[in-house]
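# Descriptive structure summary
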Amino acid sequence: MNTPSRKPLHQIPRRDFIKTSALTGLGLATAPGLAFSRQNSEKVRIAFIGVGGRGRSHLRNLLNRDDVVVPAICDIDPEAIQKSQIMLNQANHPETAVYTGSDLAYQDLLSRSDVDGVIISTPWLWHTRMAVDSMKAGIMAGVEVSAANTIEECWDLVNTYENTGVHTMILENVCYRRDVMAVLNMVRQEVFGELLHARCGYRHDLRGVKFNPGVRFGEGSIGEARWRTQHSIFRNGDLYPTHGVGPIATMMNINRGNRFLSLTSHATKSRGLRNYILRHPEGGPDHPNARIDWELGDVVTTQINTANGQTILVTHDTNLPRPYSLNFEVQGEKGLTDFDYHTRRIYIEGISQPHRWDDMDRNDPPESGESTGEQPTWLEQYDHPLWKRYGSYAEGSGHGGMDFFVDHAFVESVKRQAHPPLDAYDAAAWSAITPLSERSIAEGNAPQYFPDFTRGKWIRNTPIFAMKNDEY
């Protein structure tokens, strides 16, 4: 395929950019490494829609780069705008335009001619609409998780990408967590043999986030309590699946030689949020929020079947007291690993002592005493090359360094006009778990079937995530 001559991004007319991106996307479907190998030192222009806590985290990372400028930011919250402007001023950043005052102010931002990419960190219900509008404007979107709320929105992401050739990248940072990428490396080197089963989830006590301050949510509250808590009143399903299922999907090559086929979901009764209100000093049985009938079950479990005969157990658990855990387990014919921040253990038949776990952070069996330091640990031995190359840059970037990698991947994809490592098909397939789990629970735990968002291309697609070890 002949590649059009490269012009600086700001010199490419918007319509030509869309056409060029469409051609590039077709080539990348079979050879993504072609785009990854291009080098480009010019600055890329990344705007921001949503500069609350999560948006400012992305902004902070990009302000630490010397190849990014921020031409515009947008938010309806004056305080978020003010805090972002302080960050820009402290970074000695050139003047940045501000869009605010209306829910649709972001559309004016997207009409600018000096925006190459946009990071979307807004409430869930806006993610798909803003990403679709960005793609239609010829601007690559990096959208926070989850990317869609309904099956129709999942198709909107895919159809808009295919119609415009402009990409959306789902900004799933956990895919880049260091131990997650080490396990991905193990999977690809067949340490576990053929994969059969995985477990993952989002198990995070969010009661202090859903009610802030005190037992308040909605208007007059702070942060995500303004909008996130409302979902728990009307929806019963896995509302936040991608932190767990995203990494497992990369290990099982979902959309690239494999795909999600079906799921069934179950939910417990709802007790956690009401009990929190009843026991809180600012709550009690007479508080009006104590009379709310919460729809969201406290623990939602979803079992997924894949085309390659594997199963995935996904758990959503945010309303009860518990330590944070993404609950990872990856199991194959030769062994398995059970890993998270609180435990990292592995068992491989023929290498581990029979019926005993190995500690992935140690280089000797637990009963033998102190580490000799002569052999690398499991995690050191399989540390992903991306972390070996960029780990020092990731320090302080947020969430243990993984935020650097997801932002780096987005910036490089925009700069090179390249296929992102986590694309619209990933955004659709992973996000579809939410509406399908809601439907399964509502229909008495009935099986639900995933649409094939790739329209059959998954059969011949090959993995692209973290395949170029010297890039992103």
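You'll find the structure just up there.
Summary of the structure given here. These numbers come from a predicted model, not from an experiment.

When helices and strands are counted, the chain shows 17 helices and 16 strands. Counting the 472 residues in the chain, one finds 59% classified as buried. By sequence separation, contacts in the chain at least 24 residues apart represent 73% of the contacts at least 6 residues apart. As displayed, the chain offers around 20100 Å² of accessible surface, 49% of which is attributable to carbon and sulfur atoms.

Below, the discussion takes up unusual backbone geometry. Each neighbour pair has its own omega, and for Val 145 with Ser 146 the value is -15°, a cis peptide bond. Cis peptide bonds are those with omega within 30 degrees of zero, and the linkage from Asn 212 to Pro 213 qualifies with 0°. Secondary-structure assignment places Pro 213 in the loop between helix H9 (207-210) and helix H10 (228-234). The backbone phi angle of Asn 327 is positive, close to 65°, even though this residue is not glycine. With respect to the helices and strands, the residue Asn 327 is situated in the loop between strand E11 (311-317) and strand E12 (328-332). We classify Asn 327 as buried; its relative accessible area is 14%. One non-glycine residue with positive phi stands out, namely His 355, at about 65°. Mapped onto the secondary structure, His 355 falls in the loop between strand E14 (344-348) and strand E15 (358-359).

Moving on to the pattern of salt bridges. A full pass over the atoms with the stated rule returns 28 salt bridges. Sharing partners across several salt bridges, the network here consists of Arg 65, Asp 67, Glu 412, Lys 415 and Arg 416.

By the criterion of burial, helix H17 (residues 433-442) is predominantly enclosed, with eight of the 10 residues buried. Within H17, burial applies to Ile 433, Thr 434, Pro 435, Leu 436, Ser 437, Glu 438, Ser 440 and Ile 441. Buried residues in H17 make contact with helix H7 (151-164), helix H11 (242-251), strand E9 (260-267), strand E10 (300-306), helix H16 (424-431) and strand E16 (448-449). At the C-terminal side of H17, Gly 444 shows a positive phi close to 70°.

For the pair helix H6 (residues 124-136) and H7, interaxial distance at closest approach is 9 Å and the crossing angle is 10°. Here H6 is positioned roughly parallel relative to H7, judged by the angle of their axes. Between H6, through Leu 125, Thr 128, Ala 131, Val 132, Met 135 and Lys 136, and H7, the contact on the second element is made entirely by Glu 153, Asp 156, Leu 157, Thr 160, Tyr 161 and Thr 164. Class assignment for the residues of the contact of H6 with H7 results in six nonpolar, three polar and three charged.

This part takes up the nonpolar core. One finds Tyr 176 and Phe 260 to be the most contacted residues of the largest nonpolar core, which totals 120 residues. Per-element accounting of this core gives the leading share, eight residues, to helix H15 (residues 402-416). In contact with Phe 260, not counting residues within four places along its chain, are Val 245, Ala 249, Ile 254, Ile 304, Asn 305, Thr 306, Ile 312, Ala 429, Trp 430, Ile 433 and Phe 450. Core analysis: the next-biggest nonpolar cluster, separate from the first, contains 11 residues, Val 215, Ala 290, Ile 292 and Trp 294 among them.

So, on to the sheet that holds E15. Taken in spatial order, the nine strands make up an open sheet running E15-E14-E13-E12-E8-E11-E10-E9-E16, and their pairing is mixed. What marks the edges here is a single partner per strand, and that holds for E15 and E16. As paired strands, strand E8 (residues 195-203) and E11 are joined by seven bridges and run parallel to one another. Note that in E11 the partner of Cys 200 across the bridge is Val 314. Contacts from helix H8 (residues 178-188) reach E8, E12, strand E13 (335-339) and E14, with the element oriented near 175° to E13. Lying on the sheet, H11 is in contact with E8, E9, E10, E11 and E12; it crosses E8 at an angle near 160°.

A word on the environment of Asp 156. With respect to the helices and strands, Asp 156 occurs in helix H7. Put simply, Asp 156 and Ala 424 are 268 residues apart on the chain and 9.6 Å apart in space, counted from C-alpha to C-alpha.

It is worth spelling out H16 at this point. Along H16, eight of the eight residues are buried, which leaves the element largely enclosed by surrounding structure. Every buried residue of H16 is accounted for by Ala 424, Tyr 425, Asp 426, Ala 427, Ala 428, Ala 429, Trp 430 and Ser 431. Considering only its buried residues, H16 is in contact with H7, strand E7 (168-170), H11, E9 and H17. Sitting at the head of H16, Asp 423 places a side-chain oxygen 3.1 Å from the backbone nitrogen of Tyr 425.

So, about the packing of aromatic side chains. Inspection of every chain in the model, using the stated rule, returns 22 aromatic pairs. When the centroid spacing of 6.0 Å and the interplanar angle of 70° are considered together, the rings of Phe 211 and Phe 217 count as edge-to-face. Per residue, the accessibility class of Phe 211 equals that of Phe 217, and both read buried. Over the face of the ring belonging to Tyr 341 we find Arg 177, whose NZ or CZ atom lies 4.1 Å from the ring centre. In this structure, Arg 228 is placed above the aromatic ring of Tyr 240, and the distance from its NZ or CZ to the ring centre is 4.6 Å.

What follows is about the pairing of E12. Counting buried positions over the five residues of E12 gives four, a clear majority of the element. Bridge analysis of E8 against E12 gives four bridges, and the strand direction is antiparallel. Within the sheet, the bridge partner assigned to Ala 198 lies in E12 and is Val 330. Bridge analysis of E12 against E13 gives four bridges, and the strand direction is antiparallel. Bridge pairing links Val 330 to Thr 337 in E13. The loop that links E12 with its antiparallel partner E13 comprises two residues.

About the thresholds
- Residues numbered from 1 in each chain as written.
- Predicted model: local features only at pLDDT ≥ 70, side-chain atom pairs only at ≥ 80, totals over all residues.
- Heavy atoms only, no water.
- Helix = DSSP H or I, 4+ residues; strand = E, 2+ residues; numbered from the N terminus.
- Buried < 20%, exposed > 50% of the residue type's maximum accessible area, 1.4 Å probe, protein only.
- Contact = heavy atoms within 4.5 Å.
- Areas by Shrake-Rupley, 256 points an atom, 1.4 Å probe, with all protein chains shown as cover.
- Salt bridge = Lys/Arg side-chain N within 4 Å of Asp/Glu carboxyl O.
- Axes fitted to C-alpha atoms, helices over the stretch in contact; angles between N-to-C directions.
- Parallel < 35°, antiparallel > 145°, perpendicular 65-115°, else oblique.
- Nonpolar A, V, L, I, M, F, W, Y, C, P; charged D, E, K, R; others polar.
- Core = buried A, V, L, I, M, F, W, Y, C linked by side-chain atoms within 4.5 Å.
- Pairing = 2+ DSSP bridges.
- Polar contact = N/O pair within 3.5 Å; in protein donor to acceptor, adjacent residues only side chain to side chain.
- Phe/Tyr/Trp six-rings, centres within 6.5 Å; stacked < 30°, edge-to-face > 60°.
- Lys NZ or Arg CZ within 6 Å of the ring centre and 35° of its normal.

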